[in-house]
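Examining the three-dimensional arrangement
Residue-level listing of the chains:
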Amino acid sequence: MTVQEPWLDEIAAARHGMDRSSTATRVADVFREKIADGRLVPGTRLSDDKLAAVMGVSRNTMREAFQMLVKERLLVHEFNRGIFVSRVPADALADLYRVRRILECEAVRGARDAPEAALGRVEAAVREGEYAAALGRWPDVGTADIKFHKAVAALMGSPRVDEMIGHLLVEMRLVFHEMGSPREFHEPYLARNRRLYDLMAQGDFTRAEGELRSYLDDAEAQLTMAYREKE
């Protein structure tokens, strides 16, 4: 008896949100969302014919969607083996954090001019993470952390920055899987997310930027160590 992956049912359900005008772009969005939510993990093999049938699209459409995600480094094509969810290589980690510092720290530096609603979305992500932790749902804490950093970058009010940080943070979700225990990795950052929000809410953006830089330095060091331990 074949055991069906839980995420496959979620992919099938997503087809009902796609109208007739949907294209490979929307199909790619579905897979991107599942990666960002932690449902698709590195090394998962994706069958274009099976998934095309599940989503009710052509194999050509599915392959086009896969090509988009390969270009975004979220999927990888292995010759004679197929398409797999990517494992972010260790040498990419420093670059991911380099770009995150540019985008997120600049957003915090200029956050005094951000609309109140934008700062409210930062707080909402903090609360979502705290709630998930209280229920012991540590993968959901990781999802809330992704939302938190998206909301921080969104303080800049730039659609281009939003798009860039969105792609970076989906890659980061793949990186999170390098940690053996979601709780061990995410739990210490719950309080740091709360502190970062509180500093901005108090209008202390200089200290908030310093806190964020220290936060990103520590996270990068922790993940780098996790990669080294697997080598």
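What counts, and at which threshold
Residues numbered from 1 in each chain as written. Predicted model: local features only at pLDDT ≥ 70, side-chain atom pairs only at ≥ 80, totals over all residues. Heavy atoms only, no water. pLDDT = per-residue confidence, 0-100. Helix = DSSP H or I, 4+ residues; strand = E, 2+ residues; numbered from the N terminus. Buried < 20%, exposed > 50% of the residue type's maximum accessible area, 1.4 Å probe, protein only. Polar contact = N/O pair within 3.5 Å; in protein donor to acceptor, adjacent residues only side chain to side chain. Core = buried A, V, L, I, M, F, W, Y, C linked by side-chain atoms within 4.5 Å. Contact = heavy atoms within 4.5 Å. Salt bridge = Lys/Arg side-chain N within 4 Å of Asp/Glu carboxyl O. Pairing = 2+ DSSP bridges.

**Quick word on the confidence of the model for the protein**
- With 92% of its residues at a pLDDT of at least 70, the protein reaches an overall mean of 90.
- Confidence, read as mean pLDDT per element, is least for helix α1 (residues 6–14) in the protein (68) and greatest for helix α6 (residues 116–134) (97).

**Points about unusual backbone geometry**
- Of note, R73 is a non-glycine position whose phi angle comes to about 70°, a positive value.
- Tracing the backbone through its elements, the reader meets R73 in the loop between α4 (59–71) and β2 (75–78).

**Quick look at the side chain of N193**
- With respect to the secondary-structure elements, N193 resides in helix α9 (residues 182–201).
- Take N193: its relative accessible area is 6%, and that puts it in the buried class.
- Within polar-contact distance, the side chain of N193 engages the side chain of Y215 at 2.6 Å.

**Some remarks on the nonpolar core**
- Of all hydrophobic cores here, the largest spans 66 residues; its most connected members are F31, L46, V122, L155 and M200.
- With sequence-adjacent residues up to four places away left out, L155 is seen in contact with A107, A111, A114, A118, L119, V122 and M200.
- Ranked by size, the runner-up nonpolar core spans five residues in total, among them A132, A133, W138 and V141.

**Brief notes about the pattern of salt bridges**
- Within this structure, the stated rule accounts for 25 salt bridges.
- When the shortest N-O distance is used, the salt bridge between D48 and R63 registers 2.7 Å. On the criterion of sequence distance, the pair formed by D48 in helix α3 (residues 48–55) and R63 in helix α4 is long-range, its members being 15 residues apart.
- For R137, the salt bridge identified is with D140, shortest N-O distance 2.7 Å.
- Residue classification places D140 among the partly exposed residues on the basis of a relative accessible area of 32%.
- A single salt-bridge network, built from bridges that share partners, covers E106, R109, E209 and R213.

**With respect to the pairing of β2**
- Bridging between β2 and strand β3 (residues 82–85) involves four bridges; their strand directions are antiparallel. Across the sheet, the residue bridging to L75 is V85, located in β3.
- Taking the residues between adjacent antiparallel strands as the criterion, β2 and β3 are bridged by three residues, where N80 takes a positive phi near 65°.

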